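Remarks on the overall topology
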Amino acid sequence: MSLVLDSAAQDLLFREARTANSFSDEPVTEEQVQAIYDLVKFGPTAFNQTPLRITLVRSPEARERLVKHMAEGNAAKTAAAPLVAILSADNEFHEELPQLLPHFPQAKDLFFAERPVREQSALLNAALQAAYFIVGVRAAGLAAGPMTGADFAGIQKEFLDADHTPLMVVNIGKPGEDAAFARSPRLAFDEVVTTV
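About the thresholds
- Residues numbered from 1 in each chain as written.
- Predicted model: local features only at pLDDT ≥ 70, side-chain atom pairs only at ≥ 80, totals over all residues.
- Heavy atoms only, no water.
- Buried < 20%, exposed > 50% of the residue type's maximum accessible area, 1.4 Å probe, protein only.
- Helix = DSSP H or I, 4+ residues; strand = E, 2+ residues; numbered from the N terminus.
- Arc of directions from axis to C-beta.
- Contact = heavy atoms within 4.5 Å.
- Pairing = 2+ DSSP bridges.
- Axes fitted to C-alpha atoms, helices over the stretch in contact; angles between N-to-C directions.
- Polar contact = N/O pair within 3.5 Å; in protein donor to acceptor, adjacent residues only side chain to side chain.
- Parallel < 35°, antiparallel > 145°, perpendicular 65-115°, else oblique.
- Phe/Tyr/Trp six-rings, centres within 6.5 Å; stacked < 30°, edge-to-face > 60°.

With that out of the way, let us pick up helix H3 (residues 60-67). Ala-62, Arg-63 and Leu-66 are the residues of H3 that are buried. Burial along H3 is one-sided: seen end-on, the buried residues are contained in an arc of 100°. Across H3 from its buried face, at more than 90 degrees, point the exposed residues Pro-60, Glu-61 and Glu-64. Packed against the buried residues of H3 are strand S1 (52-57), helix H4 (72-80), strand S2 (83-90), helix H8 (152-159) and strand S4 (164-173).

Shown next, in the form of C-alpha coordinates:
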(Lines give C-alpha, C1' and ligand atoms only; values in the text may rest on other atoms or scores of the structure.)
Protein backbone atom coordinates (compact mmCIF):
# COMPACT_ATOMS: atom_id res chain seq x y z
CA MET A 1 0.00 0.00 0.00
CA SER A 2 1.35 3.41 -0.97
CA LEU A 3 -0.61 5.38 1.63
CA VAL A 4 0.84 6.32 5.03
CA LEU A 5 -2.62 6.63 6.64
CA ASP A 6 -3.62 3.32 8.19
CA SER A 7 -6.46 1.29 6.73
CA ALA A 8 -8.88 2.00 9.61
CA ALA A 9 -8.42 5.76 9.17
CA GLN A 10 -8.90 5.42 5.40
CA ASP A 11 -12.17 3.59 6.06
CA LEU A 12 -13.33 6.18 8.61
CA LEU A 13 -12.61 9.15 6.38
CA PHE A 14 -13.41 7.76 2.93
CA ARG A 15 -14.17 4.13 2.12
CA GLU A 16 -16.81 3.40 4.78
CA ALA A 17 -18.03 6.97 5.27
CA ARG A 18 -21.39 7.89 3.78
CA THR A 19 -23.61 10.92 3.54
CA ALA A 20 -26.04 10.52 6.41
CA ASN A 21 -29.76 10.98 5.82
CA SER A 22 -30.83 10.25 9.39
CA PHE A 23 -29.19 10.60 12.76
CA SER A 24 -29.40 9.29 16.31
CA ASP A 25 -30.51 11.62 19.12
CA GLU A 26 -26.96 11.90 20.49
CA PRO A 27 -26.03 15.61 20.63
CA VAL A 28 -23.01 17.15 18.92
CA THR A 29 -21.11 19.21 21.47
CA GLU A 30 -19.31 22.52 21.16
CA GLU A 31 -16.14 20.67 22.10
CA GLN A 32 -16.55 18.32 19.13
CA VAL A 33 -17.11 21.22 16.74
CA GLN A 34 -14.10 23.06 18.19
CA ALA A 35 -11.94 19.94 17.72
CA ILE A 36 -13.15 19.57 14.13
CA TYR A 37 -12.32 23.18 13.31
CA ASP A 38 -8.96 23.04 15.11
CA LEU A 39 -8.01 20.12 12.85
CA VAL A 40 -9.33 21.28 9.49
CA LYS A 41 -8.13 24.87 9.74
CA PHE A 42 -4.74 23.58 8.60
CA GLY A 43 -6.00 22.54 5.14
CA PRO A 44 -4.29 24.47 2.33
CA THR A 45 -5.87 27.45 0.57
CA ALA A 46 -4.57 30.10 -1.81
CA PHE A 47 -2.69 32.86 0.02
CA ASN A 48 -3.62 31.11 3.29
CA GLN A 49 -7.00 32.80 3.02
CA THR A 50 -9.75 31.61 5.32
CA PRO A 51 -13.06 32.61 3.74
CA LEU A 52 -15.17 29.77 5.17
CA ARG A 53 -17.69 30.83 7.79
CA ILE A 54 -19.67 28.30 9.82
CA THR A 55 -23.04 29.21 11.29
CA LEU A 56 -24.19 26.57 13.78
CA VAL A 57 -27.97 26.30 13.91
CA ARG A 58 -28.73 25.04 17.42
CA SER A 59 -31.85 26.75 18.75
CA PRO A 60 -35.30 25.39 17.82
CA GLU A 61 -36.30 28.84 16.56
CA ALA A 62 -33.29 29.11 14.25
CA ARG A 63 -33.82 25.54 13.05
CA GLU A 64 -37.41 26.35 12.14
CA ARG A 65 -36.23 29.43 10.23
CA LEU A 66 -33.72 27.32 8.32
CA VAL A 67 -36.00 24.38 7.53
CA LYS A 68 -38.43 26.62 5.66
CA HIS A 69 -35.65 27.36 3.15
CA MET A 70 -34.68 23.73 2.56
CA ALA A 71 -35.82 21.78 -0.49
CA GLU A 72 -38.70 19.40 0.19
CA GLY A 73 -36.46 16.33 0.28
CA ASN A 74 -34.06 17.95 2.75
CA ALA A 75 -36.43 19.67 5.18
CA ALA A 76 -37.30 16.72 7.45
CA LYS A 77 -33.73 15.53 7.88
CA THR A 78 -32.56 19.08 8.59
CA ALA A 79 -35.29 19.44 11.20
CA ALA A 80 -34.22 16.18 12.89
CA ALA A 81 -30.41 16.37 12.77
CA PRO A 82 -28.60 16.88 16.09
CA LEU A 83 -26.67 19.83 14.64
CA VAL A 84 -26.88 21.79 11.41
CA ALA A 85 -24.20 24.08 10.00
CA ILE A 86 -24.61 26.69 7.30
CA LEU A 87 -21.30 26.97 5.44
CA SER A 88 -20.70 30.26 3.66
CA ALA A 89 -17.93 32.22 1.96
CA ASP A 90 -16.89 35.58 3.43
CA ASN A 91 -16.29 37.87 0.46
CA GLU A 92 -14.38 40.28 2.69
CA PHE A 93 -11.81 37.63 3.68
CA HIS A 94 -9.02 39.86 2.35
CA GLU A 95 -9.22 42.03 5.46
CA GLU A 96 -7.62 39.15 7.41
CA LEU A 97 -4.75 38.57 4.97
CA PRO A 98 -2.21 40.81 6.75
CA GLN A 99 -2.70 38.60 9.83
CA LEU A 100 -2.81 35.29 7.93
CA LEU A 101 -0.04 36.09 5.46
CA PRO A 102 2.37 38.22 7.53
CA HIS A 103 5.27 37.72 5.11
CA PHE A 104 3.19 39.21 2.24
CA PRO A 105 0.61 41.60 3.75
CA GLN A 106 0.37 43.62 0.53
CA ALA A 107 -1.49 40.67 -1.07
CA LYS A 108 -4.67 42.14 0.42
CA ASP A 109 -4.59 45.15 -1.87
CA LEU A 110 -2.41 43.82 -4.66
CA PHE A 111 -4.63 40.85 -5.55
CA PHE A 112 -7.98 41.33 -3.81
CA ALA A 113 -8.89 45.00 -4.08
CA GLU A 114 -11.76 44.31 -6.47
CA ARG A 115 -14.93 42.63 -5.22
CA PRO A 116 -15.48 40.26 -8.22
CA VAL A 117 -11.95 38.86 -7.76
CA ARG A 118 -12.60 38.36 -4.04
CA GLU A 119 -15.92 36.64 -4.66
CA GLN A 120 -14.37 34.16 -7.09
CA SER A 121 -11.47 33.42 -4.75
CA ALA A 122 -13.72 33.19 -1.68
CA LEU A 123 -16.02 30.73 -3.44
CA LEU A 124 -13.21 28.40 -4.51
CA ASN A 125 -11.27 28.48 -1.25
CA ALA A 126 -14.33 28.26 1.01
CA ALA A 127 -15.43 25.22 -1.02
CA LEU A 128 -12.02 23.66 -0.33
CA GLN A 129 -12.45 24.41 3.35
CA ALA A 130 -15.99 22.98 3.29
CA ALA A 131 -14.58 19.71 1.98
CA TYR A 132 -11.99 19.70 4.76
CA PHE A 133 -14.80 20.37 7.24
CA ILE A 134 -16.77 17.33 6.04
CA VAL A 135 -13.68 15.12 6.37
CA GLY A 136 -13.11 16.63 9.84
CA VAL A 137 -16.66 15.71 10.86
CA ARG A 138 -15.86 12.13 9.83
CA ALA A 139 -12.56 12.26 11.76
CA ALA A 140 -14.61 13.08 14.88
CA GLY A 141 -16.55 9.83 14.42
CA LEU A 142 -19.62 11.69 13.20
CA ALA A 143 -21.45 11.67 9.90
CA ALA A 144 -22.12 14.65 7.66
CA GLY A 145 -25.06 15.21 5.36
CA PRO A 146 -24.03 18.08 3.04
CA MET A 147 -26.87 19.56 1.00
CA THR A 148 -27.18 22.17 -1.72
CA GLY A 149 -30.92 21.72 -2.21
CA ALA A 150 -32.09 24.92 -0.57
CA ASP A 151 -33.20 28.48 -1.21
CA PHE A 152 -29.81 30.08 -0.69
CA ALA A 153 -31.05 33.61 -1.32
CA GLY A 154 -33.52 33.05 1.52
CA ILE A 155 -30.84 31.55 3.76
CA GLN A 156 -28.55 34.49 3.07
CA LYS A 157 -31.28 36.97 3.95
CA GLU A 158 -32.34 35.01 7.05
CA PHE A 159 -28.92 34.23 8.56
CA LEU A 160 -26.13 36.09 6.76
CA ASP A 161 -25.50 39.41 5.02
CA ALA A 162 -24.52 40.65 1.57
CA ASP A 163 -20.84 39.93 2.25
CA HIS A 164 -21.45 36.20 2.88
CA THR A 165 -22.40 33.74 0.13
CA PRO A 166 -24.02 30.51 1.37
CA LEU A 167 -22.42 27.34 -0.06
CA MET A 168 -24.22 24.44 1.59
CA VAL A 169 -26.07 23.22 4.63
CA VAL A 170 -24.52 20.29 6.52
CA ASN A 171 -26.43 18.04 8.90
CA ILE A 172 -24.08 16.58 11.55
CA GLY A 173 -24.39 13.76 14.07
CA LYS A 174 -24.10 10.08 14.80
CA PRO A 175 -25.81 8.14 12.01
CA GLY A 176 -29.21 6.66 12.78
CA GLU A 177 -30.71 3.39 11.55
CA ASP A 178 -30.33 2.91 7.79
CA ALA A 179 -28.81 6.39 7.58
CA ALA A 180 -27.04 5.92 4.27
CA PHE A 181 -27.85 4.63 0.83
CA ALA A 182 -25.69 1.95 -0.76
CA ARG A 183 -22.39 3.26 -2.12
CA SER A 184 -22.88 4.71 -5.60
CA PRO A 185 -20.29 3.95 -8.28
CA ARG A 186 -17.14 6.04 -8.66
CA LEU A 187 -15.07 6.65 -11.76
CA ALA A 188 -11.95 4.52 -12.13
CA PHE A 189 -8.43 5.96 -12.04
CA ASP A 190 -8.01 5.65 -15.83
CA GLU A 191 -11.24 7.57 -16.41
CA VAL A 192 -10.03 10.54 -14.39
CA VAL A 193 -6.24 10.73 -14.54
CA THR A 194 -4.30 11.75 -17.64
CA THR A 195 -0.54 11.92 -17.80
CA VAL A 196 1.04 14.36 -20.28
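So, next bit.
What the 4 strands build is an open sheet, ordered S1-S2-S4-S3; its pairing is antiparallel. With partners counted over all chains shown, the strands left at the sheet margins are S1 and strand S3 (143-147), one partner each. Averaged over neighbouring strand pairs, the angle between their axes works out to 30° when direction is ignored. As defined by bridge partners, S3 adjoins S4 across 5 bridges and the pair is classed as antiparallel. What sits directly across from Met-147, in S4, is Val-169. Its contacts with the sheet put H3 on S1, S2 and S4, and the angle it makes with S2 is roughly 65°.

Taken as a whole, helix H1 (residues 7-15) has its buried residues at Ala-9, Gln-10 and Leu-13. Taken down its axis, H1 places every buried residue within 100° of arc, on the same side. Buried residues along H1 sit against helix H7 (115-139). Of the residues that open H1, the one with a side-chain oxygen 3.0 Å from the backbone nitrogen of Ala-8 is Asp-6.

Two numbers describe how H3 lies on H8: the axes approach to 10 Å, and their chain directions differ by 150°. The pairing of H3 with H8 is recorded here as roughly antiparallel in orientation. Across from Ala-62, Arg-65 and Leu-66 in H3, the residues of H8 making contact are Ile-155, Glu-158 and Phe-159.

What follows deals with the packing of aromatic side chains. By the definition in use, this model includes 5 aromatic pairs. Measuring from centroid to centroid gives 5.1 Å for Phe-93 and Phe-112, while their planes differ by 75°, and the two rings are edge-to-face. Here the residue Phe-93 occupies a position in the loop between S2 and helix H5 (97-100), and Phe-112 occupies one in helix H6 (residues 107-112), the gap between them amounting to 19 residues. The residues Phe-93 and Phe-112 share a single accessibility class, namely buried. Judged by centre distance (6.0 Å) and plane angle (75°), the rings of Phe-104 and Phe-111 are edge-to-face. Judged by relative accessible area, Phe-104 falls into the partly exposed class, the value being 22%. Each member of the aromatic cluster is reached from another via a ring pair, and the members are Phe-47, Phe-93, Phe-104, Phe-111 and Phe-112.

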